[in-house]
Amino acid sequence: MIGVGKIKQYSNVLDKPLGKGKQEVSLSAFAFLFSELVQYNQTQVDNIAELERRLEDAGYAVGARVLELLCHREKGNRRETRLLGILSFIHSTVWKVLFGKVADSLEKGTEHEDEYMISEKELLVNRFISIPKDMGAFNCGAFVAGVVRGVLDNAGFPAVVTAHFVPVDGQQRPRTTILIKFAEEVLQREARLG
Amino acid sequence: MAPAVPKSGDAIFASVDRVNSELFTLTYGAIVRQLITDLEEVEEVNKQLDQMGYNIGVRLVDEFLAKSNVSRCVDFRETAEVIAKVGFKMFLGVTASVTNWDAEGTTCSLILEDNPLVDFVELPDTCQGLYYCNILSGVVRGALEMVSMKTEVTWLRDMLKGDDVFELQVKLLKQVPEEYPYKDDE
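Residues numbered from 1 in each chain as written. Chains lettered and ligands numbered in written order. Predicted model: local features only at pLDDT ≥ 70, side-chain atom pairs only at ≥ 80, totals over all residues. Heavy atoms only, no water.

The cut-off we apply is this: UniProt positions are given in the numbering used here, feature names are shortened, and annotations may be inferred rather than shown by experiment.
Chain B goes by Trafficking protein particle complex subunit in an unreviewed UniProt entry, where it is assigned to Penstemon smallii. For chain B, the Subunit (unreviewed entry) comment in UniProt is given as "Homodimer." Under the UniProt heading Sequence similarities (unreviewed entry), the entry covering chain B gives this text: "Belongs to the TRAPP small subunits family. BET3 subfamily."

The name an unreviewed UniProt entry gives chain A is Trafficking protein particle complex subunit, with Penstemon smallii as the organism. Per UniProt, chain A carries the Sequence similarities (unreviewed entry) text "Belongs to the TRAPP small subunits family. BET3 subfamily." According to the UniProt record, the Subunit (unreviewed entry) comment for chain A is "Part of the multisubunit TRAPP (transport protein particle) complex."

Next up, the structure:
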């Protein structure tokens, strides 16, 4: 039985050193964990939109923390204030730390000014996942979309982020695209900054 | 023909694909947070984590046996050693040690000094009854059940609660002989 007087930890977690971030776990451990996350959420919802939203919320929390961790460790506490700066931060630094490689591509949307796309041939989280036909357009990349949204939101660039499958000729599995649509205020601020 | 040599935990870990442990840690944290928000009762969360761990363990043991080439363990002692040295290393990248054997050799403790699940974690006052790493106890229980051992796995020491290591007690309840679903000559 935990005694009331023992609630303070052995050492304050804030005093512990951050670590270099080089420790690794096996991919299968992560894949098992992620599959349990999806399975658990499937029991809690009735429809696909809810499931995507819950995965995104889980990712949002991860993104917020990843931003704090990486800003401190990789960038020496410098804050990104420009749109392209934060996008390339996500595309290279965040992706490199989380998935071991930079994202395949970063593109600006042609139809709308406020849309950007990060594409990946095979998202790490989707590697061992197959979507049954009756789930239609559901994409577990919603988790990654949530991570991106978490990073952007907490960096001061509110956006709507979604994950989509884009079929590619000659490839059996479709490519995944993370679509980022920035809020109006972000574009206005970007225009003001020149 | 010589039997296949069991590989060491380090060798297997070096040969599997790996991901950054921080992604793993943060994802696990997101899961626990979701569970706490949904279930609200700490006991319920503990049970759910154990169940999730059980589901994982049941599938994980296949991969473990396939990749590690361990031969059939002669007794529970060997089983515990293999879990601590090869199993934990292969999946979590850390080794555990086995101590506190009881007289009959059916109960032991796995000691984890380093646990990637709990990096950056602090238990708030409202969740003091939470076994944050309960998924691990489910994994061990599920994996052993698939190799015909019914066990009871409990946490003795928890670093998030002020102890200096994580101590997981594994108690062998009984060994279930394998049942073949096919009758002879059918």
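Quick look at the nonpolar core
Here is the rule: The criterion is simple. A nonpolar core is a set of buried Ala, Val, Leu, Ile, Met, Phe, Trp, Tyr and Cys residues joined through side-chain atoms within 4.5 Å. Type-normalised accessible area, obtained with a 1.4 Å probe on protein chains alone, sets the label of each residue: buried when under 20%, exposed when over 50%, and partly exposed for intermediate values. Contact between two residues is taken to exist if any of their heavy atoms lie within 4.5 Å; hydrogens are not considered.
One finds Phe-34, Trp-95, Leu-152, Ile-180 and Phe-182 of chain A together with Tyr-132 of chain B to be the most contacted residues of the largest nonpolar core, which totals 112 residues. Setting aside residues no more than four positions away along its own chain, Leu-152 of chain A makes contact with Ile-86, Ile-90, Phe-157, Pro-158, Ala-159, Val-161, Ile-180 and Phe-182 of chain A.

A closer look at the pattern of salt bridges
Residue and element names in this part refer to chain B. Note the following rule: What makes a salt bridge here is a side-chain nitrogen of Lys or Arg within 4 Å of a carboxyl oxygen of Asp or Glu, nothing more. Only DSSP runs of H or I covering at least 4 residues are called helices, and only runs of E covering at least 2 are called strands; the numbering of each starts at the N terminus.
Per the stated rule, a full pass over the model turns up 23 salt bridges over all chains. Where Lys-47 meets Glu-44, a salt bridge forms, and the shortest distance between an N and an O atom there is 3.7 Å. Within this pair, Lys-47 and its partner Glu-44 are both found in helix α3 (residues 42–68), separated by three residues, close to a single helical turn. Among the residues examined, Lys-47 registers a relative accessible area of 53% and is labelled exposed. The class for Glu-44 is partly exposed, based on a relative accessible area of 34%.

Some remarks on the layout of surface pockets
Basically, it comes down to this: Cavities and pockets are found on a 1 Å grid laid over the protein atoms alone: a cavity is a set of points where a 1.4 Å probe fits but cannot escape, a pocket is an open set with protein on both sides within 12 Å along at least five of seven lines, and a lining residue has an atom within 4 Å of such a point. Grid points are joined across faces, edges and corners, and a volume is the space filled by probe spheres set on the points. Three categories are distinguished: nonpolar for Ala, Val, Leu, Ile, Met, Phe, Trp, Tyr, Cys and Pro, charged for Asp, Glu, Lys and Arg, and polar for the others, with Gly belonging to the last.
Here the largest pocket defines a volume of roughly 1100 Å³. Val-13 of chain A together with Val-118, Asp-119, Phe-120 and Val-121 of chain B are, among the 41 residues lining the largest pocket, the residues nearest its centre. Counting only elements with at least two residues in the lining of the largest pocket, the list comes to α2 (48–73) of chain A together with α2 (21–39) of chain B. By residue number, the principal contributor to the lining of the largest pocket is α2 of chain B, which donates nine residues. By residue class, the composition of the lining of the largest pocket is 20 nonpolar, 10 polar and 11 charged. As a volume, the second largest pocket reaches approximately 840 Å³. Lining the second largest pocket are 39 residues; nearest its centre among them are Val-61, Phe-64, Ile-83, Ala-143 and Leu-144 of chain B. Elements with a minimum of two residues in the lining of the second largest pocket: α1 (27–44) of chain A together with α3, α4 (76–92), α5 (134–146) and β5 (166–175) of chain B. Looking at the lining of the second largest pocket, the element that brings in the most residues is α4 of chain B, giving eight residues.

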